[in-house]
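Here's the letter readout for the chains.
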Amino acid sequence: MILPLLQLPDTLNYIGVFLTLECNLGCSYCINDPQQAGRREALFPIKAKSLRNCLTPTEWAQALNRIPYHRDLPITLQGGEPMLYWKGQGLGAILSETPHYFDLLTNFALKPEVFASNLNGQQRKLQRDAPYPSIRVSYHAEEMNRVWQGNGFAELVNRCEMLRNYGFCVSPAKSESDVGIYMVAHPQNQMIADMESIFVGRVPFETKEFLGIHEGKLHGHYLYPFSTDLIASSIHPNTLSCECRTTELLLDPLGFVWGCHFYLYQSWAEGGPRREFAELEAQGFRYSECGSRIFANQGLMPIGHLLDPDFAMSDLEIFRHCHHYGRCIGCDTKVKNDRFQSYYDHGVAHTSVKIRNIQMPVSLYDKIEEIERSRQFFSHSFPGKDHATD
Ligand code: SF4
Ligand code: SF4
């Protein structure tokens, strides 16, 4: 069945497809862990084989072909480890059946020759003309040194450089290179001199801001006070209510559309909406008609499903009630640029979600650094009251 094309709003900033949440590594700080508690192996209890845990490449192609081709708005494939999706054969199958350019966030789990051969000759779909590399490889020192016998960084740089043999441009200049390496600037992750001598002149390497709490200190700059650390830093005993909407199209491995990273990760930490997916599939994916019934007793409900013929991008623009404020994932509420460099060029802070009517207890006001600026986000209907909801 050919699904209706979606109308992409100009404000859409990111399209992220979590192809699989399975991963070959077990980083102590896993980006998929809502609690950042270093428990990757127990994180996604995807056990029962009788239920599906991902869409097929053909289903993904059908779903992604609803998105109008746009050379400046790539679809980002991520995970888990997306190279492992569909026994490694999934990326090439999706790239072959869609017109889009893709970005890939990966830990380079496969050898370059295997990865390249799995692409089915579709390399150019990962070669977007952009100021930064389309293939962004993350470096995880502890795990990669374990897997590659103490040579984690050297092996990673070699793998990136070898992509040159398979049709990719590899250059030390990030605006020219199709591939680059990124490392989260966790206080324990220091750039060491050894590393510099390995990557310089070969592959772009950058650090990314660490978002989270380390030794009691919150790292990162967030628009909404206590959005990520209210509970983790024991600032308040309960999460708060608010209204929230997203500016991103976030898709989980089964094609469900989620309103933020917390909802997506947490739903999979609870086993994933796999039973609900089976019910929805039996109803022709008509989430708009059946979603409320199918998810009736679930705390976490998606916004829609990309295979639902009635799914529309305007569904993302609705502010929805949320009772989990305070457990938001940093990448959703941190201040950043939109894809038009809004913050750097015009001083306009962008966040992946927009939040309003936060029922912030007045007792916390004096702990908020920029209270005057923050008041606009708070609910004024219940002044002075705590609204513990969980
Ligand atoms: S590579 Fe990424 S997804 Fe895999 S365990 Fe490490 S942080 Fe998590
Ligand atoms: S308030 Fe936080 S947890 Fe709730 S929907 Fe928004 S980003 Fe997600």
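Residues numbered from 1 in each chain as written. Chains lettered and ligands numbered in written order. Predicted model: local features only at pLDDT ≥ 70, side-chain atom pairs only at ≥ 80, totals over all residues.

A.B. asks: How do you make sense of the overall build of the chain when you look at a structure like this?
C.D. replies: The helix and strand tally for the chain stands at 13 helices and 14 strands. Computed over C-alpha atoms, the radius of gyration of the chain comes to 21 Å, within 12% of the 21 Å expected from 2.2 N^0.38 for 390 residues, which places it in the range of a compact globule. Along the first, second and third principal axes, the C-alpha atoms of the chain reach 65 × 55 × 45 Å. Scored against the burial criterion, the 390 residues of the chain give a buried share of 39%. In the chain, of all internal contacts separated by at least 6 residues, the share reaching a separation of at least 24 is 71%. (Helix = DSSP H or I, 4+ residues; strand = E, 2+ residues; numbered from the N terminus. Rg over C-alpha atoms; globule rule 2.2 N^0.38 Å. Buried ≥ 20, exposed ≤ 12 C-beta atoms within 10 Å, placed from the backbone. Contact = placed C-beta atoms within 7 Å.)

A.B. asks: I keep staring at the pairing of strand 4 (residues 135-138) and nothing clicks. Help me out?
C.D. replies: Put simply, side chains in a regular strand alternate between the two faces of the sheet. One ladder, built from 3 bridges, connects strand 3 (residues 102-106) with strand 4; its direction is parallel. Note that in strand 4 the partner of L105 across the bridge is R136. Traced from strand 3 through helix 4 (residues 112-118) to strand 4, the parallel crossover comes out right-handed. When strand 4 meets strand 5 (residues 179-184), the two strands line up parallel, connected through 4 bridges. Each residue of the ladder has a partner; that of S138, found in strand 5, is Y182. (Pairing = 2+ DSSP bridges. Right-handed = clockwise from strand over helix to strand, strands pointing away.)

A.B. asks: Whenever I open this one, helix 10 (residues 287-294) confuses me. Can you help?
C.D. replies: One turn of an α-helix holds 3.6 residues; hence residues three or four places apart share an orientation. Among the residues making up helix 10, those that are buried are Y287, G291 and I294. The buried side chains of helix 10 occupy one side of the element, clustering within an arc of 80° when seen end-on. In helix 10, the exposed positions that point more than 90 degrees away from the buried face belong to S292 and R293. Contacts made by the buried residues of helix 10 are with helix 9 (274-282) and strand 12 (304-305). (Arc of directions from axis to C-beta.)

A.B. asks: Which parts of the structure should I look at to understand the nonpolar core?
C.D. replies: Generally speaking, a soluble globular protein has its nonpolar side chains buried in company with each other. In this structure, L156, C160, I181 and V257 are the most contacted members of the largest nonpolar core, which totals 86 residues. Here this core takes 5 residues from helix 8 (residues 261-269), the largest share from any one element. (Core = buried A, V, L, I, M, F, W, Y, C linked by C-beta atoms within 7 Å.)

A.B. asks: Which parts of the structure should I look at to understand the site of ligand 2?
C.D. replies: Close contacts around ligand 2 come from 14 residues, with C244, C260, C322, H324 and C328 the closest. Among the secondary structure elements, those contributing two or more residues to the shell around ligand 2 are strand 9 (240-246), helix 8, strand 13 (320-325) and strand 14 (353-356). Counting residues per element, the shell around ligand 2 draws most heavily on strand 13, which supplies 3 residues. Tallied by class, residues from the shell around ligand 2 come to 10 nonpolar, 2 polar and 2 charged. (Near = placed C-beta within 6 Å. Nonpolar A, V, L, I, M, F, W, Y, C, P; charged D, E, K, R; others polar.)

A.B. asks: Just checking my understanding: could you explain the site of ligand 1 for this structure?
C.D. replies: Around ligand 1, the structure places 13 residues, and the nearest of them are C23, L25, C27, C30 and N107. When the residues that make up the shell around ligand 1 are grouped by side-chain class, the tally is 5 nonpolar, 6 polar and 2 charged.

By themselves these figures say nothing about function.
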